[in-house]
Amino acid sequence: MSLHRRFLFCLLQLLSAFASISISKPFSEFPCKPPHFNSYPFCNTSLSITTRAKSLISLLTLQEKIQQLSDNASAVPRLGIPTYEWWSESLHGIAKNGPGVNFNGTISSATSFPQVIVTTASFNRSLWSTIGSAIAIEARAMYNVGQAGLTFWAPSINIFRDPRWGRGQETPGEDPMVVSAFAVEFVKSFQSGNWKSNDGAGDGFVFGQKRVLKGVGDESDHDDGLMLSACCKHLIAYDLESWGNFSRYSFNAVVTEQDMEDTFQPPFRSCIEQGKASCLMCSYNQVNGVPACLRDDLFQKARNEWGFKGYITSDCDAVATIYEYQNYTKSPEDAAADVLKAGMDTNCGTYMLRHTQSAIDEGKVREEEIDRALFNLFSVQFRLGLFNGDPRKGKFGNLGPQNVCTSEHKTLALEAARQGVVLLKNDKKFLPLNRNAVSSLAIIGPLANNVSQMGGGYTGIPCSPKSLYKGLKAYGKKTYYASGCNDVPCDSNAGFNEAIHTATKADFVIVVAGLDLTQETEDHDRVSLLLPGQQMALITSVARVSKRPVILVLTGGGPLDISFAKADPQISSILWIGYPGEAGAKALAEIIFGDFNPGGRLPMTWYPESFTKVPMNDMNMRADPSRGYPGRTYRFYTGNQVYGFGHGLSYTNYSYQFLSAPTKLSVSAALKASSSKNILQQRGTKLDYIHIDEVISCASLRFNVHISVINVGNMDGSHVVMLFAEVPKVFRGTPEKQLIGFDRVHTLANGSKETSIVVDPCEHLSIANGHGKRVLPLGNHALMLGDLQHFLAIETY
């Protein structure tokens, strides 16, 4: 990081700290405050948002307009408009990151849900949605007491492309369909809150068969209003922090049209088209030689094709990096002018505050382009009700401290942790343990007695945090603890003897190992997929002396090469808990002792250490045997794996039946003039695929796959059904397989449950060609449930 950038970063943090202090008390100032400032047309709620926004902009001077182009928007005292901080965070609960949130007031903590990668492992859309609603309620409550803003920069929906990425933990994993589904569920529920303004009690929410949460929901209000604003970030192809000589601030992500269409772009399209997100954040990196915040083609596609109605913000100091780091423009004024002309609306940081006026003076940008940006910004604020007077008298005004850290939200955090834990290995059904048969328990590992890292990145102050040791201790009659290593880097074996001695005293041994934020976080990628330092040696040393095979618990968001543990008979069971949030300790104990049957599935591939030879800066998703490139993610990776995408065991066993699904689909296509060339270019005269935009009616092709899930064991449990498709390999780069649907169903022991998955062939069975256009392969498609296959022939007429 350059000295200049360090100065800017420190300045931003200092400003953020002062901003946090300034909003830590209940509202005394708000726009349109009577009796002096409520008579302006922009305060008239009977007028349209467009009219109100344009009226407000017309009243501002040029300097006042420029002062709005920052996350910390300046006050306009003569119009009664106070400052506003756009930057608040809520990735998996209200977070401390950013100046918009502080915990120094009436509300001193907020519910800490599992990190996103763990919640995604539940593969439960209803759970994702309900978490979004719960976070929204707490966020609006904190706003009402002056401790948060209304605009939150979450979720992170970049693809977990490389296992070394330090921020992969913040994402919903490697599959574009899953990431898209998570984005839609979170954004829709977060922005609406599913909130009832009466007594706050709605229909109960059902997890599987368990009614555990009374929600606050009502989707009958279809106006353009927002409870809160969510932000889809980071647009686009951002998944490298610091690797080798590459830095996120200057990295140029070279992405093919094919990969852009079927990997990097779908989550953002879904987040906008279906989730109706009101914010996009452009990333630091360049994309094919152009800084992401200057990609006017993507901005226009979002607005014109996807229907985006909202504001576009830069990542923090991303405008500065265009000139300072990437040397893409000739001057700071060019950077400020060019992002405005590209369609970006506001800058997290101070760069545009300092350089926009001189850019105008030099004729590089027009005031009308600032007005356009302000229209997008103010429109979102109007939709949030920010200019409707006293927020405490508004639709959500009765939310307050009583709505934060509620028993319902804590129970939801527990349920999310339960459902997200993944059982990777369980030799001879070693787990679950019989609580009555465990006379003593040894818990070993530097993370076992640490609560500070339970949430991972972008965490706030949890309501009721508890260490894994304390959670497990509640189940053991006699419980011992030893850290083994002083910390997660585990650079010394000085604590090994104590750990080994502790292990010999107990009937059962649990070793907690893995990653924390010293190993993977924002601005820090990993270089190895092995356990840090001497953790592997600690585990094997303990396993050798244990009376019984040990249970290994793994923390962290990134994949690990634990091949040694997978093959070691002295390690009976392996559980991945990721960053499970404040209720993770209880969830882990319940699973180990059989009070809850694990059902989580990995949302990312676990690669061997040899994968670290693959350059992290190579953005290609598809394998290229000619240069020894193995590809990335389960859809394209052709190498060995430690654990595959979707892997996850249960304490019971399951089988499937296809109850009904078509065996043939006939597609009617209106072939364009160019299609005759396509036909000739395909094998002989046979038509191998048709372009999706030539299909006459995609909606008419949709069908349901009815599935029976049979629990063939003697324990109740919830099970994730994953329906994959293998499409005809009509050209190079066709995925090995792709997920086309999933559901989480609760089953009783020796019982069955039916579910149905909707398949849209134009969406789910199509693939991207080399030009980035979606095509539907013709011929035999295989639908796959585990080892079970159903064949579907698609033909044209």
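Worth saying up front: this structure is predicted, and the values here are computed from it rather than measured. The residue numbers shown here count from 1 along each chain, following its written sequence. Predicted model: local features are reported for residues with pLDDT of at least 70 only, side-chain atom pairs are reported and counted for 80 or more only, and whole-chain, interface and lining totals are derived from all residues. By convention in this description, side-chain values take in all heavy atoms of the structure and omit both hydrogens and water.

Trainee: Even after reading the chapter, I still don't get the nonpolar core, so can you show me in this structure?
Mentor: Looking at soluble globular proteins, one finds that nonpolar side chains tend to be buried together. To form a nonpolar core, buried Ala, Val, Leu, Ile, Met, Phe, Trp, Tyr and Cys residues must be joined to one another through side-chain atoms within 4.5 Å. Three labels apply to residues, based on accessible area from a 1.4 Å probe with only protein chains included: buried if under 20% of the type maximum, exposed if over 50%, partly exposed otherwise in between. With 189 residues, the main nonpolar core has Trp-153, Leu-424, Leu-554, Ile-562, Trp-576 and Trp-606 as its most contacted residues. If you tally residues by element for this core, the top one is helix α5 (residues 125–144), at eleven residues. Comment: elements are numbered from the N terminus, with helices defined as DSSP H or I runs of at least four residues and strands as E runs of at least two.

Trainee: Looking at this model, I keep getting lost on empty space enclosed by the protein. Mind explaining?
Mentor: Sizing a probe to match a water molecule and rolling it over the atoms shows the empty space that remains. Definitions used for this entry: grid spacing 1 Å over protein atoms alone; cavity, a set of points where a 1.4 Å probe fits but cannot get out; pocket, an open set with protein on both sides within 12 Å along at least 5 of 7 lines; lining residue, one with an atom within 4 Å of a point. Grid points are joined across faces, edges and corners, and a volume is the space filled by probe spheres set on the points. Under the defined criterion, the tally for this structure stands at seven cavities of 30 Å³ or more. Quantified by volume, the largest cavity comes out at close to 70 Å³. Polar here means any residue other than Ala, Val, Leu, Ile, Met, Phe, Trp, Tyr, Cys and Pro, which are nonpolar, and Asp, Glu, Lys and Arg, which are charged; Gly is therefore polar. Taken together, the residues of the lining of the largest cavity break down into six nonpolar, four polar and one charged.

Trainee: Honestly, the sheet that holds strand β12 (residues 311–314) in this entry has me stumped. Any pointers?
Mentor: Strand pairs in the sheet, formed through backbone hydrogen bonds, run parallel or antiparallel to each other. Whether two strands pair comes down to DSSP finding at least two bridges between them. Pairing is parallel across the open sheet formed by three strands, whose spatial order is β5-β9-β12. Every other strand in the sheet has two partners, leaving β5 (232–235) and β12 as the edge strands with one partner each. Adjacent strand axes in the sheet meet at a mean angle of 25 degrees, parallel and antiparallel pairs treated alike. Only heavy atoms matter for contacts: two residues are in contact if any of them lie within 4.5 Å across the pair. The angle between two axes is taken between their N-to-C directions and runs from 0 to 180 degrees, where each axis is a line fitted to C-alpha atoms and a helix contributes only its stretch in contact. Along the sheet, helix α8 (residues 266–273) contacts β5 and β9 (279–282); its crossing angle with β5, the most-contacted strand, is approximately 145 degrees.

Trainee: Explain the state of the cysteines to me, please; I cannot follow it from the model alone.
Mentor: Among covalent bonds in proteins, the disulfide is the one between the sulfur atoms of two cysteines. The criterion for a disulfide is a pair of cysteine sulfur atoms lying within 2.5 Å. Applying the stated rule across the entire model yields eight disulfides. Cys-316 shares a disulfide with Cys-348; S-S distance 2.0 Å. An S-S torsion of about 75 degrees defines the bridge between Cys-316 and Cys-348 as right-handed. Of this pair, Cys-316 sits in the loop between β12 and α10 (318–324) while Cys-348 sits in the loop between α11 (332–342) and α12 (351–361), and the two are 32 residues apart along the sequence. For Cys-348, a relative accessible area of 0% gives the class buried. The partner cysteine of Cys-698 in its disulfide is Cys-762, sulfur to sulfur 2.1 Å. When the S-S torsion is -85 degrees, as for the bridge of Cys-698 with Cys-762, the disulfide is left-handed. Residue Cys-698 is found in the loop between β21 (689–691) and β22 (703–711), and its partner Cys-762 is found in helix α22 (residues 761–764); the two are separated by 64 residues along the sequence. Look at Cys-762 and you get buried, because its relative accessible area is 6%.

Trainee: How do you make sense of the pattern of salt bridges when you look at a structure like this?
Mentor: Side chains that carry opposite charge are capable of pairing whenever their charged atoms lie near each other. Every case where a carboxyl oxygen of Asp or Glu lies within 4 Å of a side-chain nitrogen of Lys or Arg is listed as a salt bridge. Here the structure, examined in full by the defined rule, presents 36 salt bridges. When the shortest N-O distance is used, the salt bridge between Asp-162 and Arg-164 registers 2.8 Å. A salt bridge links Lys-586 to Glu-590; the shortest N-O distance between them is 3.4 Å. Pair noted here: Lys-586 and Glu-590 are both in helix α19 (residues 584–592), with a separation of four residues, about one helical turn. Note on Glu-590: relative accessible area 6%, which makes it buried. Residues joined in a network through salt bridges with shared partners are Arg-167, Glu-170, Glu-241, Arg-248, Glu-522 and Asp-523.

Trainee: Explain the side chain of Asn-124 here, please?
Mentor: Residue position: Asn-124 is located in the loop between α4 (116–120) and α5. Assessed through its relative accessible area of 9%, Asn-124 is described here as buried. Of the polar contacts made by the side chain of Asn-124, one reaches the backbone nitrogen of Ser-126; its length is 3.1 Å. Under this definition, polar contacts are N or O atom pairs within 3.5 Å; protein pairs additionally need one hydrogen-donor-capable and one acceptor-capable atom, and for neighbouring residues in sequence, both atoms have to be side-chain atoms.

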